[in-house]
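So the chains spell out like this:
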Number of protein chains: 4
Amino acid sequence: MTLITRETAGVFAIAPTPFDEDGAVDFDSLSRLVDFYESVGVAGLTLLGQLGEAPKLAHQESTRIVRHVLERTSLPIVVGVSASGYAAMAALTTEVMDAGAAGVMIAPPNTLRTDDQIVQYYEGAVHMIGDAVPFVIQDYPLSFSVVMTPSVIARIAVAVPNCVMLKHEDWPGLEKISTLRRLEGDGLLPRLSILCGNGGLFLDFEIERGADGAMTGYCFPELLVDIVEATAANRDSAHDLFDAHLPLLRYEQQPVIGLAVRKYIMKRRGLLASDAQRSPRPVLTDTTRAEIDYLLARLSRHDPRVELVK
Amino acid sequence: MTLITRETAGVFAIAPTPFDEDGAVDFDSLSRLVDFYESVGVAGLTLLGQLGEAPKLAHQESTRIVRHVLERTSLPIVVGVSASGYAAMAALTTEVMDAGAAGVMIAPPNTLRTDDQIVQYYEGAVHMIGDAVPFVIQDYPLSFSVVMTPSVIARIAVAVPNCVMLKHEDWPGLEKISTLRRLEGDGLLPRLSILCGNGGLFLDFEIERGADGAMTGYCFPELLVDIVEATAANRDSAHDLFDAHLPLLRYEQQPVIGLAVRKYIMKRRGLLASDAQRSPRPVLTDTTRAEIDYLLARLSRHDPRVELVK
Amino acid sequence: MTLITRETAGVFAIAPTPFDEDGAVDFDSLSRLVDFYESVGVAGLTLLGQLGEAPKLAHQESTRIVRHVLERTSLPIVVGVSASGYAAMAALTTEVMDAGAAGVMIAPPNTLRTDDQIVQYYEGAVHMIGDAVPFVIQDYPLSFSVVMTPSVIARIAVAVPNCVMLKHEDWPGLEKISTLRRLEGDGLLPRLSILCGNGGLFLDFEIERGADGAMTGYCFPELLVDIVEATAANRDSAHDLFDAHLPLLRYEQQPVIGLAVRKYIMKRRGLLASDAQRSPRPVLTDTTRAEIDYLLARLSRHDPRVELVK
Amino acid sequence: MTLITRETAGVFAIAPTPFDEDGAVDFDSLSRLVDFYESVGVAGLTLLGQLGEAPKLAHQESTRIVRHVLERTSLPIVVGVSASGYAAMAALTTEVMDAGAAGVMIAPPNTLRTDDQIVQYYEGAVHMIGDAVPFVIQDYPLSFSVVMTPSVIARIAVAVPNCVMLKHEDWPGLEKISTLRRLEGDGLLPRLSILCGNGGLFLDFEIERGADGAMTGYCFPELLVDIVEATAANRDSAHDLFDAHLPLLRYEQQPVIGLAVRKYIMKRRGLLASDAQRSPRPVLTDTTRAEIDYLLARLSRHDPRVELVK
């Protein structure tokens, strides 16, 4: 069984959960999606995050999805286990780790405010899930309203050694990466794998700042893989490629409707049979879909991989 | 099977979840607690609310607690089914209603802001749990950051007829009760049962304003029953009794440590074998316990029912 | 010129700003109010706090009010100078200190989240107002959404030595007082004067925990003075007196309408010519006023000082 | 005196406030900035917004800045008058309108939650500033935490007819523009001028959706003017131009450090003598400045107007 480590690098694609028009989980599309991610060279997958519609799943559905993916692929799988309490978190963690997951991801509850509260929350979590399960801190203040300074992250990482990875989606976030790497250099922080989120909106510079990769769900994971791998080779061409995707990437990274945009494109790519979301969900208007189509058409002039189902 | 209705009145005690020192659910104490609530004349019980430490329970524990109580008593039981998504809410609702619950309680997620978002959330919830399950709106802005005006409550009650009860714990809240009753008189709101929370801190006036009772967890539910029943008979003596409890009631109604205070007193009353809470939990210091003991001693001079285990 | 110090004790009454029915500042009532506060033995006054409707005053009005009070009394005056930026804060501070104020009070802006942000904010403020002006930290999370741990307060007090007082209105807050006093005993925190707010809702125990007094605006400051002075002498009688006021105190301490309740009672006490507030303001209904009258009538049976204008 | 109207269109540049290294307002740079904005064809200017560091200015500085600009240019000037109370808002409004401003902009205080509270706030504001001053609603939920639905905006616009413009910076926001225009078509909303903010991040599509222009502060206002004017003529070339700027625009639109990025570039453009901000302020690291320089170098290949001071 592969586990995530402090050295894990590359792209962990956050997989959406495919539903059919009636709201049932569409396991055929899920299989197709997993195969697709493997084919484009991602390093791993993340399941049951916010953008996997995890909160809309019943408990049994969540674990069935994880098992399905684990049977389909040998890629390492990180599973979101954030819950309103430690008991549910620990139960899900045990279940998915037994099934073969590579690690779990834990977001802070939005009631935390002070530095001490944040550190104590992660200490308490590890007390429950145990110190043998490698886990990822999800640092996403825009969504969770919890602000973690680099020194708080360092306190957590020192206190609980199975903290091996940071899903970084603070905004602004570039200096934070530099600061964390400097703390590591100064011996104040054990090395963490840093994978970046935020839809990839700053991935061009995040990699240059020292991030190990991306953990996000952009509808063209090929682009994320390219950026993570290509930067060192030729800075300008990496930015050229990134910039070609930026108009669409920005459009997809909107709150509220972002997942609907992503699923619409993945359906057009032939990956999902339906772009349905479970309720509550936004509905894309014809105008919105036309804007996406226009952005895709423009992108296809720069990136030949943009071939779409009619 | 009894269901809650628009006419339900009296005290619905919010039962804490008893744990032993190792954090396991203590079903013996739970039985004793249920018998006690019956003996003091409550009209019903509420399980799996915030102060029942619901978020700290694993799914199977939650349903086992509900079944245990339903087997022990014929009192109507309201079950909190708030969840981060509709699928989990609907699954738990089906389970507890099948087991014999009298209704469910739904709190708004703290991401809701506008009037329309709130109304749509409850419409969506009823779409999932069905229109045959009577439910309670939990209106608790201090905890959930969601503010519901009387007109929003009216919109929900008109849109989804199985909304039959309001757990009212807005603060300030007295005028809100008067306004809701006036809207009912004007035909703009179907009658709702209004039961008040907030630990009972304003129960003396809430009943006078037209509330039908209380739904809260004060450690002396006898007082709540007295206030709900006695007010009409003799206003002054009802306030005298209420005022005697107010110093303690105020102390118990503190955020963060309130449940620990409640459990400590319930242990001293011989109802709970332990006052343990599941982590994360506050710990009462010796000074705090001494303050509670002092308040209990003072209260015992006014209310002879305050007899405690040494 | 008297300045507040680390040893300042007693009651600092937070004075409401009297307006006439047209919304103009009523300086006659203000004079009467100041004389009244002196007569009941307060140790000082606080002007331009939230409950002084400071945000509703134009700049010139604010400073005119401060000057008026400083000319009327030799009591030490603390002035709230919280502003959206340092420049306005520094300008107001200079003006009121030159006029003879005893110190200023600074609340944290509600955008602060992390420990470091809070400490840096106060360091920046002192950089602007200078290190010769003694100031009060206002610690009021319910209103400002900024949570300051005891260790953050210690960091501020160590970093900027003109921090001499804490206005403590955290909730729950009793253990915080004990912790701060313990930090002082351990040499980790320079002594701070701790005056308590929250309308006095926990003043009975706050004094026992080591607070130096109260800084709040309860409509019977006589009670606050009694509690601060009497506790050591006879615990039971101090609590008896406090408990007699608690039903009214709780009623006045409601958010949104609390100041309207306070002004209504101060008008009934003959202190204010009008209970008008500047817009936006809540309006008390007849039912609310009748509830206050009822509480006053009940209180007058226990406290002979409750004599009211008809 | 020109006033803004429901038909106002084009780009209103949000001007930063230039400071020298000691934190004093730099009026020479301000003059140069005003001349520059005129030269690139903006339709007007907005002063004293958040990104003009308005909260960091003392009252006299604010009005002196407004007067300075009004003397320098005949462009219509919108002035931000948001304040913590109506009295200060009204005083500033009178002052700047007397001096010749074209209108004022009012943001909702972050304590507002319900639809009714928002509408009442604007009604109260107009009661104080009068119904002869045309004003702009600033709809910026990410910064103010106040969410205004299209129907709430319609209620305000119907209730207070001097509401003539919406500064639209909701996110996501494209459908909101379409909905507002549809409400106008249906006669449910008087026509509003809609100018878009958010740094211009979606300006390409906002204009297509029916916005009248932009009100934002991007460091190349030339681009904003081009997009507002060019779209109808040739969609593809407008998007080509926009896309060339998007990598920089995204970088500048980061919270916290965005204004520092903008001032750095404006200094490099020779418009500001210094990029200093008043405290509290972020400081750009060498790495950050190098990233900006790289983005500028890349942009200069596409837009020949990107000529910079060394």
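Within an unreviewed UniProt entry, the label attached to chain A reads Dihydrodipicolinate synthase family protein, and the organism entered is Nocardia huaxiensis. UniProt lists a comment for chain A under the heading Sequence similarities (unreviewed entry), and it reads "Belongs to the DapA family."

## What about the overall build of chain A?
Broken down by element type, chain A carries 12 helices and 8 strands. Against the compact-globule benchmark of 19 Å for 310 residues, chain A has a radius of gyration of 19 Å, which places it among compact chains. A buried classification covers 64% of the 310 residues belonging to chain A. Within chain A, the 40 negative side-chain charges are centred at a point lying 3 Å from the centre of the 28 positive side-chain charges.

## Side note on the pairing of strand 6 (residues 163-168) of chain A
Residue and element names in this part refer to chain A. In terms of burial, strand 6 is a largely internal element, 6 of the 6 residues being buried. When strand 5 (residues 135-139) meets strand 6, the two strands line up parallel, connected through 5 bridges. From the neighbouring strand, valine 136 faces strand 6, where its bridge partner is methionine 165. Both strand 6 and strand 7 (residues 193-196) contribute to a ladder of 4 bridges, which runs parallel. If you follow lysine 167 over to strand 7, its bridge partner there is leucine 195. Running through helix 7 (residues 174-185), the crossover from strand 6 to the neighbouring parallel element strand 7 is right-handed.

## Notes on empty space enclosed by the protein
By the definition in use, this model includes 13 cavities of 30 Å³ or more. Its volume calculated, the largest cavity comes out at about 90 Å³. What lines the largest cavity is Leu142, Trp171, Asn198, Leu201, Arg250 and Gln253 of chain A together with Trp171, Leu201, Phe202 and Gln253 of chain D. Its residues assigned to classes, the lining of the largest cavity shows 6 nonpolar, 3 polar and 1 charged.

## What to know about the relation of the copies chain D and chain B
Laying chain D over chain B is done by rotating through 180° and shifting 0.0 Å along the axis; what remains is an RMSD of 0.0 Å. Such a combination of turn and shift is consistent with a two-fold rotation axis. The overlap is high: 100% of the interface residues of chain D also sit at the interface in chain B, so the same surface is used on both sides.

## Some words on the environment of phenylalanine 144 of chain B
Residue and element names in this part refer to chain B. Within the secondary structure, phenylalanine 144 sits in helix 5 (residues 141-144). Judged by relative accessible area, which is 9%, phenylalanine 144 ranks as buried. Expressed as a C-alpha distance, the spacing of phenylalanine 144 and alanine 107, which sit 37 residues apart in the sequence, is 7.9 Å.

## Comments concerning the packing of helix 9 (residues 221-230) of chain C against helix 10 (residues 235-252) of chain C
Residue and element names in this part refer to chain C. In contact at an axis separation of 10 Å, helix 9 and helix 10 are set at 150° when each is read in the N-to-C sense. In terms of orientation, helix 9 lies roughly antiparallel with respect to helix 10. Classified by chirality, the crossing of helix 10 by helix 9 is left-handed. Along the contact surface, helix 9 presents Leu223, Asp226 and Ile227, while helix 10 presents Ala238, Leu241, Phe242, His245 and Leu249.

## Digging into helix 9 (residues 221-230) of chain A
Residue and element names in this part refer to chain A. Burial analysis of helix 9 places 7 of its 10 residues in the buried class, which makes it a mostly covered element. Inspection of helix 9 places Pro221, Glu222, Leu223, Leu224, Val225, Ile227 and Val228 among the buried residues, and these make up the whole buried set. Taken together, the buried residues of helix 9 touch strand 1 (10-14), helix 1 (27-39), helix 8 (203-209), strand 8 (213-216) and helix 10 (235-252).

## Topic: the sheet that holds strand 3 (residues 77-80) of chain D
Residues and elements named next belong to chain D. The parallel closed barrel is built from 8 strands, whose spatial order is 1-2-3-4-5-6-7-8. Pairwise comparison of adjacent strand axes, ignoring direction, gives a mean angle of 25° for this sheet. With 3 bridges connecting them, strand 4 (residues 103-106) and strand 5 (residues 135-139) associate as parallel partners. Along strand 5, the bridge assignment pairs methionine 105 with valine 136. Its contacts with the sheet put helix 2 (residues 59-72) on strand 2 (44-47) and strand 3, and the angle it makes with strand 2 is roughly 170°.

## Re the interface of chain D and chain B
Between chain D and chain B, the residue contacts involve 8 residues of the former and 8 residues of the latter. Summed over the three residues of chain D that lose the most area to chain B, namely Arg113, Thr114 and Asp115 of chain D, the buried surface amounts to 59% of that side. The residue inventory of the side of chain D that touches chain B, partitioned by class, reads 1 nonpolar, 4 polar and 3 charged.

## Observations regarding the interface of chain D and chain A
If you look at the interface, chain D gives 34 residues, while chain A gives 34 residues. Taken together, the two surfaces of chain D and chain A that pack against each other cover about 3,100 Å², and 60% of this comes from carbon and sulfur. In terms of surface lost to chain A, no three residues of chain D exceed Trp171, Arg250 and Tyr294 of chain D, which account for 21% of the buried area on that side. On inspection of chain D and its partner chain A, the count reaches 10 salt bridges. In this structure, aspartate 243 of chain A and arginine 298 of chain D form a salt bridge, with 2.9 Å as the shortest nitrogen-oxygen distance.

## Quick notes on unusual backbone geometry
With an omega dihedral of 5°, the bond running from tryptophan 171 of chain A to proline 172 of chain A counts as a cis peptide bond. Examined against the element boundaries, proline 172 of chain A turns out to sit in the loop between strand 6 and helix 7. Here the residue pair serine 279 of chain B and proline 280 of chain B is connected by a cis peptide bond, since its omega of -5° sits within 30 degrees of zero. Along the chain, the position of proline 280 of chain B falls in the loop between helix 11 (258-268) and helix 12 (286-300). Of note, the phi angle at asparagine 198 of chain D is positive, near 55°, even though the residue is not glycine. Tracing the backbone through its elements, the reader meets asparagine 198 of chain D in the loop between strand 7 (193-196) and helix 8 (203-209).

Calculation criteria
Residues numbered from 1 in each chain as written. Chains lettered and ligands numbered in written order. Predicted model: local features only at pLDDT ≥ 70, side-chain atom pairs only at ≥ 80, totals over all residues. Heavy atoms only, no water. UniProt positions renumbered as here; feature names shortened; annotations may be inferred. Helix = DSSP H or I, 4+ residues; strand = E, 2+ residues; numbered from the N terminus. Rg over C-alpha atoms; globule rule 2.2 N^0.38 Å. Buried < 20%, exposed > 50% of the residue type's maximum accessible area, 1.4 Å probe, protein only. Lys, Arg positive; Asp, Glu negative; His and termini not counted. Charge placed at Lys NZ, Arg CZ, Asp CG, Glu CD. Pairing = 2+ DSSP bridges. Right-handed = clockwise from strand over helix to strand, strands pointing away. 1 Å grid on protein atoms, 1.4 Å probe; cavity = no way out; pocket = protein on both sides within 12 Å on 5 of 7 lines; lining within 4 Å. Points joined across faces, edges and corners; volume = space filled by probe spheres on them. Nonpolar A, V, L, I, M, F, W, Y, C, P; charged D, E, K, R; others polar. Least-squares fit on C-alpha atoms with pLDDT ≥ 70 in both. Contact = heavy atoms within 4.5 Å. Axes fitted to C-alpha atoms, helices over the stretch in contact; angles between N-to-C directions. Parallel < 35°, antiparallel > 145°, perpendicular 65-115°, else oblique. Left-handed = near helix turned anticlockwise from the far one by under 90°. Buried area = accessible area lost by both parts, 1.4 Å probe. Salt bridge = Lys/Arg side-chain N within 4 Å of Asp/Glu carboxyl O.

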